[in-house]
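# Structural characterization, general
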Amino acid sequence: MTRRAAIAAPNSSATQAGVHALGSGGNAIDAAIAAMITATATEPGIVSPLGGCFINVWPMDGSPVVVDGNVEMPGRGAAPERFGAGLIECVTTYGGGLTTHAGPGSVAIPGMFAGMGLAHERFGAAPWSELLETAATIVADGFQLSHTAASYFELVAHTIFAWDQDTRRLYTDDGRAWQPGHLIRDDNLVATLRQIGEEGAGSVYTGDLAARIVADLSERGGLITARDLAAYRPAVRTPLRTSLGGWDLACNPPPAIGGPVLTAMLRLIGDVTGPVSPGHAARVMKDVLDLRLHRVDIADDLEAAGHELLQTIASMGAVGLPTSPDTAHVSVVDSDGTACAITASAGYGSGMYVAGTGLLGNNALGEPELNRRGLHALAPGTRMASNMSPTTARHPDGTVLSVGTPGADRITTALLQVLLHFCLHGETLQYAVDAPRLHVRHLDDGTVRIDHEESDTLRGALTDLRTAGSEAVVPLHAHAPHAMYFGGVGAALRTADGELTAVSDPRRDAATVVG
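Procedures and definitions
- Residues numbered from 1 in each chain as written.
- Predicted model: local features only at pLDDT ≥ 70, side-chain atom pairs only at ≥ 80, totals over all residues.
- Heavy atoms only, no water.
- Helix = DSSP H or I, 4+ residues; strand = E, 2+ residues; numbered from the N terminus.
- Buried < 20%, exposed > 50% of the residue type's maximum accessible area, 1.4 Å probe, protein only.
- Areas by Shrake-Rupley, 256 points an atom, 1.4 Å probe, with all protein chains shown as cover.
- Axes fitted to C-alpha atoms, helices over the stretch in contact; angles between N-to-C directions.
- Parallel < 35°, antiparallel > 145°, perpendicular 65-115°, else oblique.
- Contact = heavy atoms within 4.5 Å.
- Nonpolar A, V, L, I, M, F, W, Y, C, P; charged D, E, K, R; others polar.
- Pairing = 2+ DSSP bridges.
- Polar contact = N/O pair within 3.5 Å; in protein donor to acceptor, adjacent residues only side chain to side chain.
- Disulfide = S-S within 2.5 Å.
- Salt bridge = Lys/Arg side-chain N within 4 Å of Asp/Glu carboxyl O.
- Core = buried A, V, L, I, M, F, W, Y, C linked by side-chain atoms within 4.5 Å.
- Phe/Tyr/Trp six-rings, centres within 6.5 Å; stacked < 30°, edge-to-face > 60°.
- Lys NZ or Arg CZ within 6 Å of the ring centre and 35° of its normal.

A word on the overall build of the protein. Across its full length, the protein holds 15 helices and 24 strands. Buried residues in the protein amount to 63% of all 515 residues. Surface accessibility of the protein: about 17,100 Å² in total, with carbon and sulfur atoms responsible for 50%.

Pasting the structure below:
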């Protein structure tokens, strides 16, 4: 019997791929993988196939697990002069001003396909080739540029996506942004997706495809070597667990940063019974993000630092803590009660089109917030920092939730607010996703400000917020309602009586289906 599922994904092509996976005998994991692979092929600039991902799976009859397919620092056997090279500085107005580095030297070892391959091997039910063929067919037919991707290209078409001639030709109008709806077709990407479907996920790491990736990066000043790809291994990790309003939540564990930060915020709020005000949420965000900035982001050992963050929360409780884009998400819950949440990221994009493959490289090595110790400062083979935090949850009554969001360092604060609205305040899932958001932001000059969406509710609450710790915290930067800056939460739900629901975020183009 074909399973049904609720699917929330970045676009209708992705949800279509998820439904096809179910029709091929698949479950929530197959549907999520098919949807995400399709999203990476059809949301250029927002995410790309040569990125990293985390896959949070909570089986209907087992404990939750996270498959870590995040990117790694490359450079095994590379000549010393290649470190620090191959980077192109790009200044954008995204989020009120952001500087990142693109170019071949910004591309980290991709882990997405390895992570998906392992998750499929352990939990999947549909043939791997079917998951890839659906994505390939959609790309072969041509796909329309989404409003989300088009709005991002408005900011970066002339910088990140203009230096590589293949990228410039295919994804921009000679360095200018295409309009939403522009039809894109890339036969190279079609062939590559089919090759990965036929040969398996390992095709990206060994063999002909891996050799082509390494050859092009090496020729143009990148760091990835054949040893890097061959040595990459996804990891299976035990999620962080916490409770909120009776819900049992499973979050992405260290060495990722996003899951520990979200868990720390949830634990600092504690097991309260009443509503949490925006001001209280902002103070919690600031306290935890202060610790992240000064203890976690610059740590030699991200795994140890993530656990230390949680130990500090436990020892200090709610008294106070010492002060010291992009991604895509797919949520699926199937009719059996299995939940799968996948968040994938290619950073802000390297702009590099790997010759003859159609694959766009990530820029994880060029993201300042993921490289606070310096660009190319990590040892080859080091699993990199990540804000991604795909989350699954269960309620004692049998209700199952899968939720996550893109949005760089806004991932954790967006999810915190959605979970507070839904799990603690008891509001509907759609209301929780739609509600106005805020984000506490540490600026480069050391000051702190609150970014917030225009809303009477938030404006009044933030006006009453005077201080947090020893620093003034005031709302300094207002965004339009439902601004793309605050992420794009996707959530899927199976109620105790088996009803399936999927909701998407009005902040970005998205699609939902119950199929």
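Turning our eyes to something else, we now look at the packing of helix H3 (residues 112-123) against helix H4 (residues 128-141). The angle between the axes and the distance between the axes are what describe a pair of packed helices. With their axes 11 Å apart at the nearest point, H3 and H4 run at an angle of 135 degrees to one another. In this view, H3 runs oblique relative to H4, as classed from their interaxial angle. Along the contact surface, H3 presents Phe113, Met116, Gly117 and His120, while H4 presents Trp128, Leu131 and Leu132. Residue composition of the contact of H3 with H4, grouped by class: 5 nonpolar, 2 polar and no charged.

Spatial ordering of the open sheet is given by S9-S10-S15-S16-S22-S23, a layout of 6 strands whose pairing is antiparallel. Strands with a single pairing partner mark the edges of an open sheet, and in this sheet they are strand S9 (240-244) and strand S23 (500-503). Within the sheet, the average angular offset between the axes of one strand and its neighbour, ignoring direction, is 15 degrees. Relative to strand S10 (residues 247-251), S9 runs antiparallel, the two sharing 5 bridges. Across the sheet, leucine 240 pairs through a bridge with cysteine 251, a residue of S10. Against the sheet, helix H13 (residues 411-424) engages S9, S10, strand S15 (391-394), strand S16 (400-404) and strand S22 (490-494), with an angle of about 160 degrees to S16.

The next subject is the environment of aspartate 30. Counting through the fold element by element, aspartate 30 comes out in helix H2 (residues 28-42). Each C-alpha atom, one on aspartate 30 and one on glycine 124, is 5.5 Å from the other, the two residues being 94 residues apart in sequence. Those residues in contact with aspartate 30 that lie beyond four places of it in its chain are Ala21, His120, Gly124, Ala125, Ala126 and Leu131. Among the polar contacts made by the side chain of aspartate 30, one reaches the main-chain amide nitrogen of alanine 125 at a distance of 2.8 Å.

As a further point, take the state of the cysteines. Within this structure, the stated rule accounts for 0 disulfides. Summary of cysteine pairing: cysteine 53 is not part of a disulfide, and the nearest cysteine sulfur, belonging to cysteine 340, is at 9.4 Å. Overall, cysteine 340 belongs to the buried group, its relative accessible area being 0%.

Attention now moves to the sheet that holds strand S2 (residues 52-58). Spatially, 7 strands are ordered S8-S3-S2-S12-S11-S1-S24 in an open sheet, and the strand pairing comes out antiparallel. One side of each edge strand has no neighbouring strand; the edge strands of this open sheet are strand S8 (235-237) and strand S24 (511-514). When strand polarity is set aside, the average angle formed by the axes of neighbouring strands in this sheet is 10 degrees. Sheet topology places strand S1 (residues 5-9) next to strand S11 (residues 327-334); 4 bridges connect them, and they run antiparallel.

We now examine the pattern of salt bridges. Summed over all chains, the structure comprises 20 salt bridges. The shortest N-O distance in the salt bridge between arginine 437 and aspartate 505 comes to 2.8 Å. Here aspartate 505 lies in the loop between S23 and S24 and arginine 437 lies in the loop between helix H14 (429-434) and strand S17 (438-442), a separation of 68 residues in the sequence. Taken individually, arginine 437 and aspartate 505 each receive the classification buried, so the pair is uniform in this respect.

Before going further, it helps to examine the pairing of S23. Relative to S23, S22 runs antiparallel, the two sharing 4 bridges. Among the inter-strand pairings, leucine 493 is bridged to a residue of S23, identified as threonine 501. A loop of 5 residues connects S22 with S23, the two strands running antiparallel in sequence, and glycine 498 in this loop sits at a positive phi of about 95 degrees.

Put simply, proline 254 and proline 255 share a cis peptide bond, and its omega is 15 degrees. Counting through the fold element by element, proline 255 comes out in the loop between S10 and helix H10 (258-269). In this model, aspartate 174 sits at a positive phi of 55 degrees, which is unusual for a non-glycine residue. Tracing the chain through its elements places aspartate 174 in the loop between helix H6 (165-171) and strand S7 (183-184). A positive phi angle, close to 55 degrees, is found at histidine 482, a residue other than glycine. The topology assignment puts histidine 482 in the loop between strand S21 (475-479) and S22.

What follows is about the nonpolar core. Phe113, Met116 and Trp128 are the most contacted members of the largest nonpolar core, which totals 66 residues. Per-element accounting of this core gives the leading share, 11 residues, to H2. The contacts of methionine 116, once residues within four sequence positions are left out, are Ile33, Met36, Ile37, Cys53, Ile55, Trp128 and Ile342.

Now for the packing of aromatic side chains. All chains considered together, the criterion is met by 4 aromatic pairs. Measuring from centroid to centroid gives 5.8 Å for tyrosine 205 and tyrosine 232, while their planes differ by 15 degrees, and the two rings are stacked. Of the two residues, tyrosine 205 sits in the loop between helix H7 (187-199) and helix H8 (208-219) while tyrosine 232 sits in the loop between helix H9 (226-231) and S8, which places them 27 residues apart along the sequence. Each member of the pair, tyrosine 205 as well as tyrosine 232, carries the same accessibility label: buried. Across the ring face of tyrosine 485, the terminal group of arginine 410 is positioned such that the distance to the ring centre comes to 4.0 Å.

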